[in-house]
Amino acid sequence: MSYNFSELDTLTNRLIDEEIGTYDLPYYIEPLLEGATLIDLLKAYLNDAITHKNASRIEYVIILAGALGEDKKLLSQYEKLLLEDWHHSHEDLVDIIESYGNTSNVATLQKAFNLSLPYMEYNHHYSFHRKLLYAILKLAPQQFAQIRKAVQGKLCSTLKKESFK
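Since the model is a prediction, treat every value here as computed from it, not as a measurement. (Residues numbered from 1 in each chain as written. Predicted model: local features only at pLDDT ≥ 70, side-chain atom pairs only at ≥ 80, totals over all residues. Heavy atoms only, no water.)

Undergrad: Help me out: how do you make sense of the packing of helix H1 (residues 5-16) against helix H2 (residues 25-33) in this one?
TA: Direction vectors running N to C along H1 and H2 enclose 175°, while the axes themselves pass 11 Å from each other. Classified by the angle between their axes, H1 and H2 sit roughly antiparallel to one another. Residues Glu7, Leu8, Leu11, Arg14 and Leu15 of H1 form the contact with H2, whose own contacting residues are Leu25, Tyr28, Ile29 and Leu32. In the contact of H1 with H2, the residues fall into seven nonpolar, no polar and two charged. (Axes fitted to C-alpha atoms, helices over the stretch in contact; angles between N-to-C directions. Helix = DSSP H or I, 4+ residues; strand = E, 2+ residues; numbered from the N terminus. Parallel < 35°, antiparallel > 145°, perpendicular 65-115°, else oblique. Contact = heavy atoms within 4.5 Å. Nonpolar A, V, L, I, M, F, W, Y, C, P; charged D, E, K, R; others polar.)

The following block contains the structure:
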């Protein structure tokens, strides 16, 4: 099925600019479905963003899926996307995984400590690594101490000293 993703881009910009509200989205999205389901459209939109390495569109998918309450249905795609280094939505993806994930997502969160993200070097990956640690703590509290020890060498000095509860 062929979708017009530029219309979704425009719709998302209108949502961001508060020209339309979240409650209006279903009305505007329905004509774009062309007989498909909402989740099929969002998955296709996300896959197009990944295929073309379109970082802005990744942000748009996250915004639309969140506004429509469909984040959880994209969790497996978001988990794979977390380990890609060409976009700037890593912290948003960690938040979503933390909200909807479970212990099966912890291995991916741990792998994310190996990412070298130039856009996060300004604070030595502090905020990203902190989000990862809190997500791991929430999803797998019994594994937290072991994982924190395993990633200790990747953490900045400030984060090494922080306690997590």
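Don't stop here, the text continues.
Undergrad: Could you clarify how one ought to interpret H2 in this entry?
TA: Because each turn of an α-helix spans 3.6 residues, side chains separated by three or four positions in sequence point in the same direction. Every buried residue belonging to H2 is among Leu25, Ile29, Leu32 and Leu33, and all of these are buried. Angular distribution of buried residues about the axis of H2 spans 100°; they occupy a single face of the element. Along H2, the residues that are exposed and aim more than 90 degrees away from the buried face are Tyr27, Glu30 and Pro31. At its buried positions, H2 is contacted by H1, helix H3 (38-51) and helix H4 (55-67). At the exit of H2 stands Glu34, carrying a positive phi of roughly 50°. (Buried < 20%, exposed > 50% of the residue type's maximum accessible area, 1.4 Å probe, protein only. Arc of directions from axis to C-beta.)

Undergrad: Teacher, can you tell me more about the packing of H1 against H4 here?
TA: Packed helices, taken two at a time, are described by the angle their axes make and the gap between the axes. It is at 10 Å that the axes of H1 and H4 come closest, and there the two elements cross at 65°. When the axes of H1 and H4 are compared, the pair comes out roughly perpendicular. Viewed along their axes, H1 and H4 form a crossing whose handedness is left-handed. Residues Phe5, Ser6, Leu8, Asp9, Thr12, Asn13, Leu15 and Ile16 of H1 lie in contact with H4, whose contacting residues are Arg57, Tyr60, Ile63, Leu64 and Ala67. The residue makeup of the contact of H1 with H4, split by class, is eight nonpolar, three polar and two charged. (Left-handed = near helix turned anticlockwise from the far one by under 90°.)

Undergrad: Explanation requested: the packing of aromatic side chains in the structure shown.
TA: Two numbers describe a pair of aromatic rings. These are the distance of the centres and the angle of the planes. Inspection of the entire model under this criterion finds five aromatic pairs. Considering the side-chain rings of Tyr27 and Tyr28, the 5.2 Å spacing of their centres and the 80° angle between planes classify their relative orientation as edge-to-face. A relative accessible area of 29% means that Tyr28 is categorised as partly exposed. Between Tyr134 and Phe164 the ring centres are 4.7 Å apart and the planes differ by 55°, which places this aromatic pair in the tilted class. On the criterion of sequence distance, the pair formed by Tyr134 in helix H8 (residues 126-139) and Phe164 in the segment after helix H10 (157-161) is long-range, its members being 30 residues apart. We classify Tyr134 as partly exposed; its relative accessible area is 26%. (Phe/Tyr/Trp six-rings, centres within 6.5 Å; stacked < 30°, edge-to-face > 60°.)

Undergrad: Where do I start with unusual backbone geometry in this structure?
TA: As a rule of thumb, non-glycine residues mostly have phi less than zero, and peptide bonds are mostly trans rather than cis. One non-glycine residue, Glu34, lies in the positive phi region at around 50°. Along the chain, Glu34 turns up in the loop between H2 and H3. Residue classification places Glu34 among the partly exposed positions, given a relative accessible area of 46%. We note that His124 has phi near 60°; this positive angle belongs to a residue other than glycine. Its place among the elements puts His124 in the loop between helix H7 (106-111) and H8.

Purely spatial values, then, with no claim about function.
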